[in-house]
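What the coordinates show
Residues per chain are reported as follows:
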Amino acid sequence: MDATEALTRHQIMIQRYGSGEFKKLEPILKAVAQDVRARLMLESSQLAQGRLTELLADINAIIAGGGDQMTADLFDDLIEFADYESEFTQRIFAPLVSADTVLPSIEQIRAAMTTSKATLVSGNTIKRMGIKELVAAFTDSKQKEVDLAIRAGFIEGKTSQELSRQLQSILGKKAPRQAAVLVRTATNHAGSVARKEFAAANRDVIESEEWVSTLDGHTTLFCMAHDGNVYRTGKGPYPPAHYGCRSIRVPKVDPKYSILGGRSKRSSMDGPVNASLTYSGFLNKQSKAFQNDVLGSARAELFRSGKFTLKGFVDDMGRTLTLAQLREREGLTL
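Quick summary incoming for the structure in this document. Each chain has its residues counted from 1, running along the sequence as written. For this predicted model, a pLDDT threshold of at least 70 governs which residues receive local features, and a threshold of 80 or more governs which side-chain atom pairs are given and counted, while totals over whole chains, interfaces and linings are taken from all residues. To obtain the side-chain values, all non-hydrogen atoms of the structure were used and water was disregarded.

Here we come to the environment of Lys132. Mapped onto the elements of the fold, Lys132 is located in helix H4 (residues 131-156). Its relative accessible area of 44% is what places Lys132 among the partly exposed residues. Sequence separation between Lys132 and Thr71 is 61 residues; the distance between their C-alpha atoms is 5.9 Å. Contacts: residue pairs with any heavy atoms within 4.5 Å of one another. Those residues in contact with Lys132, other than ones at most four positions away along the chain, are Thr71 and Phe75. Numbering of helices and strands runs from the N terminus; a helix is a DSSP stretch of H or I covering at least four residues, while a strand is a stretch of E covering at least two. Working definition: with a 1.4 Å probe on protein chains only, accessible area under 20% of the residue-type maximum means buried, over 50% means exposed, and in between means partly exposed.

Rendered as structure tokens:
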């Protein structure tokens, strides 16, 4: 099994690991939801103006405390995970190269995990965030949602019981779904950092890295457009590219050190395919209905016409261009 096939298969296990990591953090979220509701129920049935500021401060402190605990637990676990990932990557490459490879130290991994930031595209927004910033952004968003719900509830004259049910929807249902995506994203970032550090430590053997996206119907336009791109080690974008990103960058061995024979493979929803197949080639082989589903009917029509490659649907920063922007840029009638 070659490196691309091994690492793309392994990426499935990484996603499962991320789901398991969320399960470990889920009790923290449940405790926060319970504590917030308990604090709210200490108020009388009707919230009083003089108590609103104190109530919000107490609830914000509860949510912040939960975020701090999530950060500490997740960061420690993912450093250990990244250390394992660098070891796994070395085991994959050891039989594929004619030279010895170097394993990054745990100190190098910890330093990289502390300083490395993922560049995440969300709509028209691009943010650079490490694991701690990811959790901080999540915590801040929950504080703002809860703050807004309580202030609006006060103006509308809602009772504490009514607000309690609303906060359960925010903290007990919505927040866990978002946190699960956050943890999977952070886990992919940790794996990406580990492989980046391995490649950097072995620059004499690893000449470049290839962006490899998942060949199925859940891949974003950003990852479709980047699939198959090859970058010099340490240069260019690294996954995750967005929340929930499943893409990876696979180190590529300098041919003069490669002892791999035969044709390499990569995984897809249709089973193993040749590693040279990009997402564009994969999509060309799919049905019109599948193309319409993943691209939208207008973009799919442009893709089938040959007027646009997948790269043409995103800007230089990886943000998805709207149909109006495509029309303006290319002068096309859509």
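That was the structure; now back to the text.
Now for helix H8 (residues 288-295). For H8, every residue scored as buried is listed here: Phe290, Gln291, Val294 and Leu295. What you see down the axis of H8 is that its buried residues fit within an arc of 110°, all on one side. Opposite its buried face, H8 presents the exposed residues Lys288, Ala289 and Asp293, each directed more than 90 degrees away. On its buried face, H8 sits against helix H6 (221-226), helix H7 (279-284) and helix H9 (297-305). Directions drawn from the helix axis to the C-beta atoms are what define this arc.

A few words now on the pattern of salt bridges. Whenever a carboxyl oxygen of Asp or Glu lies within 4 Å of a side-chain nitrogen of Lys or Arg, that contact is scored as a salt bridge. Applying the stated rule across the entire model yields 17 salt bridges. Two residues, Arg304 and Glu301, come together in a salt bridge whose shortest N-O distance is 3.2 Å. Taken together, the residues span about one helical turn, with Arg304 and Glu301 both in helix H9 at a distance of three residues. The exposure class assigned to Glu301 is partly exposed, which follows from its relative accessible area of 45%. Salt bridges sharing partners connect three or more residues here, namely Glu21, Lys24 and Asp77.

Here three strands make up an open sheet; going across it, the order is E4-E3-E5 and the pairing antiparallel. The outermost strands of the open sheet, each flanked by one partner alone, are strand E4 (230-232) and strand E5 (248-253). Across this sheet, the average inter-strand angle for adjacent strands is 35°, counted without regard to direction. Any two strands with at least two DSSP-identified bridges between them are counted as paired. By the bridge criterion, three bridges tie strand E3 (residues 206-212) to E4 in an arrangement that is antiparallel. Its bridge partner lying in E4, Glu210 is registered against Val230. To get an axis, fit a line to the C-alpha atoms, keeping to the stretch in contact for a helix; angles then go from 0 to 180 degrees between the N-to-C directions. Sitting on the sheet, helix H5 (residues 160-201) is in contact with E3 and E5, with an inclination near 160° to E3.

The next subject is the packing of helix H3 (residues 106-115) against H5. Between H3 and H5, the shortest axis-to-axis distance is 10 Å and the interhelical angle comes to 130°. For the element pair H3 / H5, the angle class is oblique. H5 is crossed by H3, and the crossing has right-handed handedness. Packed against H3, whose contacting residues are Gln108, Ile109, Ala112 and Met113, the element H5 presents Ala190, Val193, Ala194 and Glu197 at the interface. Taken together, the residues of the contact of H3 with H5 sort by class into six nonpolar, one polar and one charged. Any angle between 65 and 115 degrees counts as roughly perpendicular, while under 35 counts as roughly parallel, over 145 as roughly antiparallel, and the rest as oblique. Here a crossing is taken to be left-handed if its near helix is turned anticlockwise relative to the far helix by less than a right angle, and right-handed if that turn runs clockwise. Classes in brief: Ala, Val, Leu, Ile, Met, Phe, Trp, Tyr, Cys and Pro nonpolar; Asp, Glu, Lys and Arg charged; the others, Gly included, polar.

A few words now on the packing of aromatic side chains. Aromatic pairing here means that ring centres of Phe, Tyr or Trp (its six-membered ring) are within 6.5 Å. Orientation follows from the plane angle: under 30 degrees is stacked, over 60 is edge-to-face, and everything else is tilted. Across all of its chains, the model carries seven aromatic pairs by this definition. Considering the side-chain rings of Tyr17 and Phe81, the 4.6 Å spacing of their centres and the 10° angle between planes classify their relative orientation as stacked. Separated by 64 residues along the polypeptide, Tyr17 in helix H1 (residues 3-41) and Phe81 in helix H2 (residues 49-93) bring together distant segments of the chain. Assessed through its relative accessible area of 29%, Tyr17 is described here as partly exposed. Measuring from centroid to centroid gives 5.8 Å for Trp211 and Phe222, while their planes differ by 55°, and the two rings are tilted. Here the residue Trp211 occupies a position in strand E3, and Phe222 occupies one in helix H6, the gap between them amounting to 11 residues. For Phe222, a relative accessible area of 8% translates into the label buried.

Only buried Ala, Val, Leu, Ile, Met, Phe, Trp, Tyr and Cys residues count toward a nonpolar core, and they belong to the same one when joined by side-chain atoms within 4.5 Å. Core analysis: the largest hydrophobic core is formed by 31 residues, its most contacted members being Met70, Leu74, Leu78, Met113, Ile131, Phe138 and Leu182. For this core, the secondary-structure elements that each account for two or more residues are H1, H2, H3, strand E1 (118-122), H4 and H5. Ranked by the residues each element gives to this core, the list is headed by H5, at nine residues. Leave out the neighbours within four places in its chain, and Leu78 touches Tyr17, Met113, Ile131, Ala186, Thr187 and Ala190.

Here, two cysteine sulfur atoms that lie within 2.5 Å of each other are counted as a disulfide. This model, assessed by the stated rule, comprises zero disulfides. With no disulfide of its own, Cys245 has Cys223 as its nearest cysteine by sulfur position, at a separation of 3.7 Å.

For E5, the tally of buried residues reaches five of six residues, placing the bulk of the element in the interior. Strand direction decides the pairing type here: E3 and E5, joined by six bridges, are antiparallel. Across the sheet, Glu209 pairs through a bridge with Pro251, a residue of E5.

If you check which residues of H9 are buried, you get Arg299, Ala300, Leu302 and Phe303. Buried residues of H9 fall within an arc of 160° about the axis and therefore sit on the same side.

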